[in-house]
Amino acid sequence: MDKHTICLLNDSFPPIIDGVANAVVNYAENIEKHHGHAVVVTPAVPGADDSGFPFPVVRYPSIDTRRLVGYVAGYPFSPETALRVREEKVELLHTHCPIASAILARSLREVVDAPLVLTYHTKYDIDIAKAVKSRLLQESAIRALVQNVNACDEVWVVSRGAGENLRSLGYEGAYTVMENGVDVPRGRVSAAAVAAATAGYDLPDGVPLFLFVGRLMWYKGLHIILDALRALREQGQDFRMVFIGAGGDEKEVRAEVETLRLSDRCFFTGSIADRETLRAWYSRADLFLFPSTFETVVLLSKGEIDSKKVRVEFSLEDMDMSGFQKGATYEQIKAYVLEHTGLKVSSLYISQIKRKCGLDVGQNYNLSKKEDAKVPKCPPEKEAAIRDALKYFQMI
């Protein structure tokens, strides 16, 4: 088989860790080991040490915006990067992000005369909405994203859901579903490895251990997890909960754990990059919790983690089940609107828009006793924000 030189580009890469960064590392390591030569091009991160990778990592200028959005902002206009990539005699460009990396890849294509493939991994519109509060700027950013996708020679998506999300942003071209592999072997690790990885945490034998692995962002369904844990505690069910990961909402999540009086049973490990340590946690856990509607693909959907059965009985009578259904509570809608637009909306406004959309709003028991009482109408900008939330929660 002929060996080829592939250039992989992405806006995130270790020490910044997320699912796409891990996928790029896996691509590069497997290309370097089995198929030829890999070159990774990614924004510079203060303190990054790339010496441990078996492939070259080319860093281009960036602005450190991690305190704002958790990532650095790459400046994708770098003549030095173009020269370095040309020296590597790259035969294919593969960008894993449709933003800065795609802009840089488009310029590199002119320099190295190589085809450009883009893999669309995740719901970038959600990340854009979190980073940019102005609706006008959000729409402009999404248009630029779609233009970058249209400019590529071939488009891959990691799942059917990712393709549907890309279509919803306005992309009308062809794409191929190209699933990611996983880098966690089948089977459990030894009891000694489990003990070493989980040492220092209060995890009694016989007490169910729940596990979440991922970025600590509310849109991962963390409210649903915490609500379920609260219900379990109120019903006298003992348990332990471990969150592995970091993210922009971590401080708020920790605060909510304190508010719900769950801090004695919930533990935060921070990010864990070592796959064997992660395997140890997977092996130790009784139940993996991941109620996210954000993901386009998850590790467990591949069936790569051996599971064990645990029986946990509790009543759902006092538990808010709307998060598990195709919908959301008023509080969830308010939280979504506030988080993505900075607007505060009332239950009245939500009811008005739900009625406009033909949704059931139940009976209003708080009607004014005045015959001529004036009911405020939802302003257009808040109506648009509420409609976006209803779409996000798949209610319309």
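What you see is a predicted model; the values in this text were computed from it and never measured. (Residues numbered from 1 in each chain as written. Predicted model: local features only at pLDDT ≥ 70, side-chain atom pairs only at ≥ 80, totals over all residues. Heavy atoms only, no water.)

A. Spotlight on the pairing of strand E6 (residues 92–95). Looking at chain direction, strand E1 (residues 4–9) and E6 are connected through 4 bridges and run parallel. Counted as the bridge partner of Cys-7 is Leu-93 from E6. For the segment spanning E6, helix H4 (residues 100–112) and strand E7 (residues 116–120), crossover handedness is right-handed. (Pairing = 2+ DSSP bridges. Helix = DSSP H or I, 4+ residues; strand = E, 2+ residues; numbered from the N terminus. Right-handed = clockwise from strand over helix to strand, strands pointing away.)

B. Molecular detail of the packing of aromatic side chains. Scanning the entire structure with this criterion turns up 16 aromatic pairs. Their ring planes at 70 degrees and their centres at 6.5 Å tell us that Phe-13 and Phe-55 sit as a pair that is edge-to-face. Of this pair, Phe-13 sits in the loop between E1 and helix H1 (19–35) while Phe-55 sits in the loop between strand E2 (36–43) and strand E3 (57–60); the two residues are 42 residues apart in sequence, bridging distant segments of the chain. Like Phe-13, the residue Phe-55 is buried in the burial classification. With centroids separated by 5.3 Å and ring planes inclined at 15 degrees, the aromatic side chains of Phe-212 and Phe-290 adopt a geometry described as stacked. Residue Phe-212 is located in strand E10 (residues 209–213), and its partner Phe-290 is located in the loop between strand E13 (287–288) and helix H12 (330–341); the two are separated by 78 residues in the primary sequence. An aromatic cluster is present here, built from Phe-212, Phe-243, Phe-268, Tyr-282, Phe-288 and Phe-290 joined pairwise through their rings. Above the plane of the ring of Phe-239 lies Arg-265, whose end atom (NZ or CZ) is 5.3 Å from the centre. (Phe/Tyr/Trp six-rings, centres within 6.5 Å; stacked < 30°, edge-to-face > 60°. Buried < 20%, exposed > 50% of the residue type's maximum accessible area, 1.4 Å probe, protein only. Lys NZ or Arg CZ within 6 Å of the ring centre and 35° of its normal.)

C. Summary view of the packing of H12 against helix H14 (residues 380–392). Running from N to C, H12 and H14 cross one another at 115 degrees; their axes reach a closest spacing of 9 Å. Read as a crossing pair, H12 and H14 show a hand that is right-handed. Along its contact with H12, which presents Ile-333, Tyr-336, Val-337 and Thr-341, the element H14 presents Ala-385, Ile-386, Asp-388, Ala-389, Leu-390 and Tyr-392. Along the lines of polarity and charge, the residues of the contact of H12 with H14 split into 8 nonpolar, 1 polar and 1 charged. (Axes fitted to C-alpha atoms, helices over the stretch in contact; angles between N-to-C directions. Left-handed = near helix turned anticlockwise from the far one by under 90°. Contact = heavy atoms within 4.5 Å. Nonpolar A, V, L, I, M, F, W, Y, C, P; charged D, E, K, R; others polar.)

D. Seen up close, the environment of Thr-119. With respect to the element layout, Thr-119 can be found in strand E7. Residues Thr-119 and Pro-98 lie 21 residues apart in sequence; the distance between their C-alpha atoms is 8.3 Å. Beyond its immediate stretch of four places on either side in the chain, Thr-119 contacts His-94, Thr-95, His-96, Cys-97, Trp-156 and Val-158. Within the structure, Thr-119 has its side chain in polar contact with the side chain of His-94 (distance 2.7 Å). (Polar contact = N/O pair within 3.5 Å; in protein donor to acceptor, adjacent residues only side chain to side chain.)

E. Expanded view of the pairing of E10. The buried fraction of E10 amounts to 5 of the 5 residues, a majority that puts the element mostly inside the structure. Of the two faces of E10, the one holding Leu-209, Leu-211 and Val-213 and the one holding Phe-210 and Phe-212 are both buried throughout. On the question of chirality, the crossover connecting E10 to the parallel strand E11 (residues 240–244) by way of helix H9 (residues 222–234) is right-handed. Direction of pairing for E10 relative to E13: parallel, over a ladder of 2 bridges. Bridge pairing in E13 places Leu-211 opposite Phe-288.

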